[in-house]
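# Summary of structural features
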Amino acid sequence: MKRFTCDELVELLTAYLEDVLDRPSHDGVRAHLSCCEHCERYFEQFRATIRVLGDQPPEKLPAGVRDRLMSAFRERHGG
């Protein structure tokens, strides 16, 4: 089982919730949450935020903004 600092745990929460961590990392996150009151509270707030916001539809960019971004991308990547 991996051991994580609080900062490392915060970086892994999305992957943990999406169940995409390898088993040692998943178990390490669970172990950390079980013994760190602050991270457990942060995790519960994180989950509550996801429940409240749900799946928000992506915002659409105005056509002019999208066109400028795509043009800048093409110029930068030689396409």
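Residues numbered from 1 in each chain as written. Predicted model: local features only at pLDDT ≥ 70, side-chain atom pairs only at ≥ 80, totals over all residues. Heavy atoms only, no water.

## Some points on the confidence of the model for the chain
Quick note on the threshold: What pLDDT reports is the predictor's confidence in each residue, on a scale of 0 through 100. Going along the chain from the N terminus, every DSSP run of H or I of four or more residues is numbered as a helix, and every run of E of two or more is numbered as a strand.
Averaged over every residue, the pLDDT of the chain is 91; residues scoring 70 or more account for 99%. Per-element mean pLDDT across the chain ranges from 89 in helix H4 (residues 63–76) up to 96 in helix H2 (residues 23–35).

## Overview of the environment of Leu 61
What counts, and what does not: Contacts between residues were defined by any pair of non-hydrogen atoms, one from each residue, lying within 4.5 Å.
With respect to the helices, strands and loops of the structure, Leu 61 is situated in the loop between helix H3 (37–53) and H4. Placed 51 residues apart in sequence, Leu 61 and Val 10 show a C-alpha to C-alpha distance of 30 Å. Among residues more than four places away in sequence, those in contact with Leu 61 are Arg 66 and Leu 69.

## Structural notes on the nonpolar core
Threshold: For this analysis, a nonpolar core means a set of buried residues of the types Ala, Val, Leu, Ile, Met, Phe, Trp, Tyr and Cys, connected via side-chain atoms within 4.5 Å. Relative accessibility decides the category of a residue: with a 1.4 Å probe and only protein chains considered, values under 20% of the type maximum give buried, values over 50% give exposed, and everything between is partly exposed.
Residues Phe 4, Leu 9, Leu 13, Ala 15, Tyr 16, Leu 21, Val 29, Leu 33, Cys 36, Cys 39 and Phe 43 constitute the largest nonpolar core, which totals eleven residues. Contributing elements (two or more residues each) for this core: helix H1 (6–17), H2 and H3. Sorting elements by how many residues they give to this core places H1 first, with four residues. Apart from the residues lying within four places of it in its own chain, the contact partners of Cys 39 are Cys 6, Leu 9, His 32 and Leu 33.

## Quick look at the environment of Glu 37
Applied cut-off: Contacts described as polar in this section are N or O atom pairs within 3.5 Å, which, within protein, must combine one atom able to donate a hydrogen with one able to accept it, while residues neighboring in sequence count only if both atoms come from side chains.
By secondary structure assignment, the location of Glu 37 is in helix H3. Of note is the side chain of Glu 37, whose polar atom sits 2.8 Å from the side chain of Arg 41.

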